[in-house]
Amino acid sequence: MRQIGRTTRIEDLRSLVVSVNDGQRVLLSQVANVGVVPAIRRGDAGYDGKPAVILSVQKQPGADSVTLTREVEKAIADLSKSRPAGVEAPRFLFRQADFIERSVGNVEEALRDGAILVAVVLFLFLLNVRTTLISLTAIPVSLLASALVFRYFGLSINTMTLGGLAIAIGELVDDAVVGVENVLRRLKLERASAHPRPVAEVIAKATLEVRSAIVYATVIIVLVFVPLFMLPGIEGRLFTPLGVAYVVSILASMVVSVTLTPVLAYYLLPGMKLLGHGDSPLVSWLKRQDARLLDWSFDRSRGLLVAAAAAVLVAGASLAFFPRSFLPPFNEGTLTVSLLLEPGTSLQESNRIGALAEQLVMKVPEVTQVGRRTGRAELDEHAEGVHSTEMEVDLAPSDRPRDAVIGEIRARLAALPAVANVGQPISHRLDHLLSGVRAQIALKVYGDDLDTLRALAEDLRARMARIPGVTDLQIEKQVLIPQAKIRVDYAEAARHGVAPGALLRGLEQMIAGERITQLVEGNRRFDLVTRLPEDGRDMNSLSRLPIETPLGYAPLSRLADIEDGDGPNQIVRENARRRIVVSANTDGSDMAGVIRAIRAELVARSMPDGYFTSLEGQFQAQEQATRLIGALALVSLSMIFPVLYGRYRSTTLALIIMGNIPLALVGSVIALWLSGQPLSVAALVGFVTLAGIATRNGILKISHYVNLCAFEGEQFGKPMIVRGSLERLTPVLMTALVAAFALVPLMTSADAPGKEVLHPVAVVIFGGLVSSTVLDTVLTPLMFWRWGEKPLRRLLDARSSESY
């Protein structure tokens, strides 16, 4: 949206509107549909209390917002060179490109900071520059591969694709870390051997030992996310690009870990001076603590497993008490404030109240500028009467919460004789897509009689006003307005030789006006419209209006009955039924609680026969998405089990590994609770994504237990389990911690543009990784000790030469 100019001379604005309609519409026709709001006779606009013209530019599907903005800037710069005297230079009121650029910039920073944290965590564990660099190589190579895939399929780099990479940034090194750690461990053992083998053979065997675990873990992560590509609607459009970026980068990192990583290890690791040294101090300390913890836990396995099961049940049950939302609120930096007066209010009065609203809003400290449109032209895609005013309010960053700023704006506007609705430009459009109403909640009342519909709507509005958390409550403006009703007297018309249809068409042309030609003056074009003057359209003048007949001129009162009455300003139908809407927003309260209260009010009092209600809005999309994601989560789990069963040929071992998933739920729920996040679609996507990530730890441990017994002569028992757990402690902790800490940048500044949708995903995954890693350290060895002996023996009896 663009502020074209402002002035106190309406004549200059007329000239400017003509220039915009003519020259700029042609200039921008290749990239945008351009509409000027308002047409002079249909409305008014203002900026800082002065008359203004606002140019609205909407990009065509597939067009780039940033490129479009540059084109608009160039076009407006050309226009401003020849602007009339007294018209100020154009300025932006709202640019969607600003929001996009801030969002992309914030996510790029999160991606950069996440990579730095990954490097720090790896170095602390490995305490070696070479192994750290080998592991980090997976990040740029995987990102480059993802960019090539985007380019090949014509995908854009946007907030959600970058968000997918930011979420995956820690996991990109996981496969490489597992491979490097095992190669380094084998090289150290080989150096201590009396008959060392060739370095290439050692590295190849070490890579093959973990290759199967790497591939299976990555395949499971990808399979878990695949069902989310079936999400429809807005949530599908948001999270599909994220999923594509996430899956492509994870697959690329897997390929890097079994190809490039061994090659780099071959050239960089054998000559290390520290190869003969033991673990880093941090790793040594962790292994000592883990050994003590495992020795202590074996004798208390039953109690620990029961406690873990209880924690999972409590965490699962607590989800029912979380507040719900569809998507986290965006931080667009701009508010859209709608004011509705009674239909029939004059343009002069509506403009006066709109200007007063501008002044009231400008008193809010965070407000930097306010642009206003009163009424919208007939050719505008959202045409409105002059009783409707819409303001774009730019906000400066502030320490005050956004809800507090919006609350102050609502309080100031409450003194006006108008119904206010406060939202944000993009959020309003999402609401409109979901329910056809620019509000979070839309209660639609259907029936046949307009008077009954208005009465029912008013009753519902009064009852909803008592519900805590409901704000911006209003009824759709379907009211009675004054009308001049003209009914043709067919007998008199026939007596005078006048066809009723011709008479009505002629009256429509004279009263509403008719475009008869277009005048050209240089590069300007003017529509020439003929209609009766304003004073010729009142009751007395219309009754005396001469109508040409074959018998001569006759006054209209002789051919038709003219009466002063009233009628509805509009009649709205949906699904072939008349309807009226009671709309509302929430003040930041729990949407699910508000909806439960509204539904209780609807149940408490039934509708008359032939009338019914439909409650729609964001909550409806949230409920549908929750059910669908729940079903998709079951599909994901059903895909994990056969993959694990095919690998280990054991239901018991597959379930032990999948036990990490409910363990991750505990941390996710705690993280959501501590962060104050509602249970949104973004959080649910985080839960599904976490299910695949959480299985990696179990696969690494169980596979190593099997390999120790199959290839290194170990026997099932506590010593073998402790050895396997300690040898896999470093890769398990590194993979989990780098994946978790890489999400920290997305967890800070939760309301920063671009991070709003990604923040809940990061919170869920971070909390789940922490809890699953901590609990897995104890519980997976205990479960394997209690139930893993028989499936291990069956697996060893049928073993092949391939490592698990």
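What comes next concerns the included structure. (Residues numbered from 1 in each chain as written. Predicted model: local features only at pLDDT ≥ 70, side-chain atom pairs only at ≥ 80, totals over all residues. Heavy atoms only, no water.)

Topic: the overall build of the chain
For the chain, the count of helices and strands is 30 helices and 20 strands. Counting all 804 residues of the chain, 53% fall into the buried class. Across the chain, every contact between residues at least 6 apart in sequence was considered, and the portion connecting residues at least 24 apart equals 79%. Surface exposure of the chain reaches about 35700 Å², of which carbon and sulfur atoms provide 58%. (Helix = DSSP H or I, 4+ residues; strand = E, 2+ residues; numbered from the N terminus. Buried < 20%, exposed > 50% of the residue type's maximum accessible area, 1.4 Å probe, protein only. Contact = heavy atoms within 4.5 Å. Areas by Shrake-Rupley, 256 points an atom, 1.4 Å probe, with all protein chains shown as cover.)

Considerations on the packing of helix α25 (residues 681–711) against helix α29 (residues 758–787)
In contact at an axis separation of 9 Å, α25 and α29 are set at 30 degrees when each is read in the N-to-C sense. Judged by the angle between their axes, α25 and α29 are roughly parallel. As for how α25 packs across α29, the hand of that crossing is right-handed. Counted together, Ala682, Ala683, Gly686, Phe687, Thr689, Leu690, Ile693, Asn697, Gly698, Lys701, Ile702 and Tyr705 of α25 and Pro760, Val761, Val764, Ile765, Gly768, Leu769, Thr773, Asp776, Thr777, Thr780, Pro781 and Phe784 of α29 form the full contact between these two elements. For the contact of α25 with α29, the residue count by class is 14 nonpolar, 8 polar and 2 charged. (Axes fitted to C-alpha atoms, helices over the stretch in contact; angles between N-to-C directions. Parallel < 35°, antiparallel > 145°, perpendicular 65-115°, else oblique. Left-handed = near helix turned anticlockwise from the far one by under 90°. Nonpolar A, V, L, I, M, F, W, Y, C, P; charged D, E, K, R; others polar.)

A short note on a nonpolar patch on the surface
Side chains of Ile116, Val120, Leu124, Leu282 and Trp285 sit close together on the surface and give an oily, nonpolar patch of about 450 Å² of accessible area. Put simply, the parts of the chain that give the nonpolar patch at least two residues each are α3 (96–126) and α11 (281–298). No other element matches the 3 residues that α3 contributes to the nonpolar patch. (Patch = residues over 30% accessible without salt bridge, like charges linked within 9 Å, V, L, I, M, F, W, Y side chains within 5 Å. Salt bridge = Lys/Arg side-chain N within 4 Å of Asp/Glu carboxyl O.)

Thoughts on the environment of Ala512
Inspection of the secondary structure assignment puts Ala512 in helix α18 (residues 500–512). Judged by its relative accessible area of 52%, Ala512 is exposed. If near-sequence neighbours (up to four positions away) are discounted, Ala512 is found in contact with Leu507 and Arg531.

With respect to the pattern of salt bridges
Scanning all chains against the criterion turns up 35 salt bridges. Arg410 serves as the salt-bridge partner of Asp472, at 2.7 Å between the closest nitrogen and oxygen. In this pair, Asp472 sits in strand β11 (residues 470–475) while Arg410 sits in helix α14 (residues 402–413), placing the two residues 62 residues apart along the sequence. Put simply, Arg723 and Glu727 hold a salt bridge, and the shortest N to O gap is 2.8 Å. With a gap of 4 residues between them, Arg723 and Glu727 both fall in helix α26 (residues 718–727), about one helical turn apart. Using a relative accessible area of 26% as the deciding quantity, one classes Arg723 as partly exposed. Here the salt bridges do not stand alone but share partners, grouping Arg185, Arg186, Glu209, Glu712, Glu714, Arg723 and Glu727 into one network.

Considering the nonpolar core
Generally speaking, nonpolar side chains in soluble globular proteins are found buried as a group. Counting residues in each nonpolar core, the largest one holds 132 residues, and the members touching the most others are Ile167, Phe239, Tyr246, Leu644, Ile702, Met720 and Phe784. Residue contributions to this core peak at 19 residues, all from α25. Not counting the four nearest positions on each side in its chain, Phe239 is found in contact with Met160, Phe225, Leu327, Val681, Ala682, Val685, Val757 and Val761. Residues Leu443, Leu453, Ala457 and Tyr611 belong to the second largest nonpolar core, which totals 24 residues. (Core = buried A, V, L, I, M, F, W, Y, C linked by side-chain atoms within 4.5 Å.)

Considerations on the side chain of Asn660
When you line up the elements, Asn660 lands in helix α24 (residues 660–675). What makes Asn660 buried here is its relative accessible area of 0%. When residues no more than four places from it in sequence are discounted, the contact partners of Asn660 are Ala694, Asn697, Gly698, Ser772, Asp776 and Thr780.

Comments concerning the packing of aromatic side chains
All chains considered together, the criterion is met by 10 aromatic pairs. Between Tyr446 and Phe612 the ring centres are 4.9 Å apart and the planes differ by 10 degrees, which places this aromatic pair in the stacked class. Remark: Phe612 occurs in strand β20 (residues 612–617) and Tyr446 occurs in strand β10 (residues 441–447); sequence separation between them is 166 residues. Judged by its relative accessible area of 4%, Tyr446 is buried. (Phe/Tyr/Trp six-rings, centres within 6.5 Å; stacked < 30°, edge-to-face > 60°.)

As for the pairing of strand β16 (residues 552–555)
Pairing geometry for strand β15 (residues 546–549) and β16, over 4 bridges, is antiparallel. What sits directly across from Glu548, in β16, is Tyr553. Hairpin geometry of β15 and β16 is characterised by an intervening segment of 2 residues between the two adjacent antiparallel strands. (Pairing = 2+ DSSP bridges.)

Description of unusual backbone geometry
Phi is positive for Asn575, which is not a glycine, with a value near 55 degrees. Among the residues examined, Asn575 registers a relative accessible area of 69% and is labelled exposed. The phi torsion at Arg649 lies on the positive side, around 55 degrees, for a residue other than glycine. Of note, Arg649 is situated in the loop between α22 (618–648) and α23 (651–658).

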